[in-house]
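# Examining the three-dimensional arrangement
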Amino acid sequence: MSRGGTPVARGSIAAAAAVHALLLSIGSAGYGYHRDELYFRMLPPRWSYLDQPPLTPFLARLTTHLADEPWALRIPATLRARSPSSCSPC
């Protein structure tokens, strides 16, 4: 039940989010690096840079250990797009 007492179709929402994540994953494999992704590959490993907070370079380095491919760099964005908090109203 939601806060107002109206039932929420959690199964339908979860299915739509899973399909969305699948489509993002399939689509991201067909594209090469974006210039921002190349920027993080070019920089030496550090905790942060003048123009970036620490989390973004950390995630970029972490995913390159998984696989040195563009789709691996896009895993955090796909997971964030699939998370329920990105669909909730403000």
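To start, this report covers the structure provided alongside it. Predicted, not measured: the structure shown is a model, and the values here were computed from it.

## A look at the overall build of the protein
Across its full length, the protein carries 5 helices and 0 strands. Secondary structure elements of the protein, listed N to C terminal, follow the sequence α-α-α-α-α. Considering only contacts in the protein between residues 6 or more positions apart, those separated by 24 or more positions represent 46%. Carbon and sulfur atoms provide 66% of the accessible area of the protein, an area that totals close to 6,900 Å².

## Thoughts on the side chain of Arg74
Among the secondary structure elements, Arg74 is positioned in the loop between helix H4 (70-73) and helix H5 (75-82). Those residues in contact with Arg74 that lie beyond four places of it in its chain are Ser28, Tyr31, Gly32, Tyr33, His34 and Glu37.

## Overview of the packing of helix H1 (residues 10-28) against H5
A pair of packed helices is characterised by two quantities: the angle between their axes and the separation of those axes. At a closest axis distance of 9 Å, the pairing of H1 and H5 adopts a crossing angle of 160°. Between H1 and H5, the crossing angle belongs to the class labelled roughly antiparallel. For the element pair H1 and H5, the recorded crossing hand is right-handed. Mapping the contact onto sequence places Ala14, Ala17, Ala18, His20, Ala21, Leu24 and Ser25 in H1 and Thr78, Ala81 and Arg82 in H5. In terms of residue class, the contact of H1 with H5 is made up of 6 nonpolar, 3 polar and 1 charged.

## Topic: the environment of Pro57
Here Pro57 shows up in helix H3 (residues 55-66). Sequence-wise, Pro57 and Glu37 are 20 residues apart; in three dimensions their C-alpha atoms are separated by 9.8 Å.

## Section: the layout of surface pockets
Approximately 160 Å³ is the volume found for the second largest pocket. Lining the second largest pocket we find Asp36, Glu37, Phe40, Leu55, Thr56, Leu59, Ala60, Thr63, Leu73 and Pro76. Of all the elements in the fold, those that place two or more residues in the lining of the second largest pocket are helix H2 (35-42) and H3. Among the elements that take part in the lining of the second largest pocket, H3 stands out by supplying 5 residues, more than any other.

## Digging into the side chain of Thr78
Checked against the element boundaries, Thr78 lands in helix H5. Residue Thr78 is classed as buried on the basis of its relative accessible area of 13%. For Thr78, the residues in contact, after removing those within four places along its chain, are Ala21, Leu24 and Ser25.

## Concerning a nonpolar patch on the surface
On the surface, a nonpolar cluster with roughly 300 Å² of combined accessible area is contributed by Leu55, Phe58 and Leu62. The topology assignment puts Leu55 in helix H3. Overall, the relative accessible area of 55% leaves Leu55 in the exposed class.

Parameters and conventions
- Residues numbered from 1 in each chain as written.
- Predicted model: local features only at pLDDT ≥ 70, side-chain atom pairs only at ≥ 80, totals over all residues.
- Heavy atoms only, no water.
- Helix = DSSP H or I, 4+ residues; strand = E, 2+ residues; numbered from the N terminus.
- Contact = heavy atoms within 4.5 Å.
- Areas by Shrake-Rupley, 256 points an atom, 1.4 Å probe, with all protein chains shown as cover.
- Axes fitted to C-alpha atoms, helices over the stretch in contact; angles between N-to-C directions.
- Parallel < 35°, antiparallel > 145°, perpendicular 65-115°, else oblique.
- Left-handed = near helix turned anticlockwise from the far one by under 90°.
- Nonpolar A, V, L, I, M, F, W, Y, C, P; charged D, E, K, R; others polar.
- 1 Å grid on protein atoms, 1.4 Å probe; cavity = no way out; pocket = protein on both sides within 12 Å on 5 of 7 lines; lining within 4 Å.
- Points joined across faces, edges and corners; volume = space filled by probe spheres on them.
- Buried < 20%, exposed > 50% of the residue type's maximum accessible area, 1.4 Å probe, protein only.
- Patch = residues over 30% accessible without salt bridge, like charges linked within 9 Å, V, L, I, M, F, W, Y side chains within 5 Å.
- Salt bridge = Lys/Arg side-chain N within 4 Å of Asp/Glu carboxyl O.

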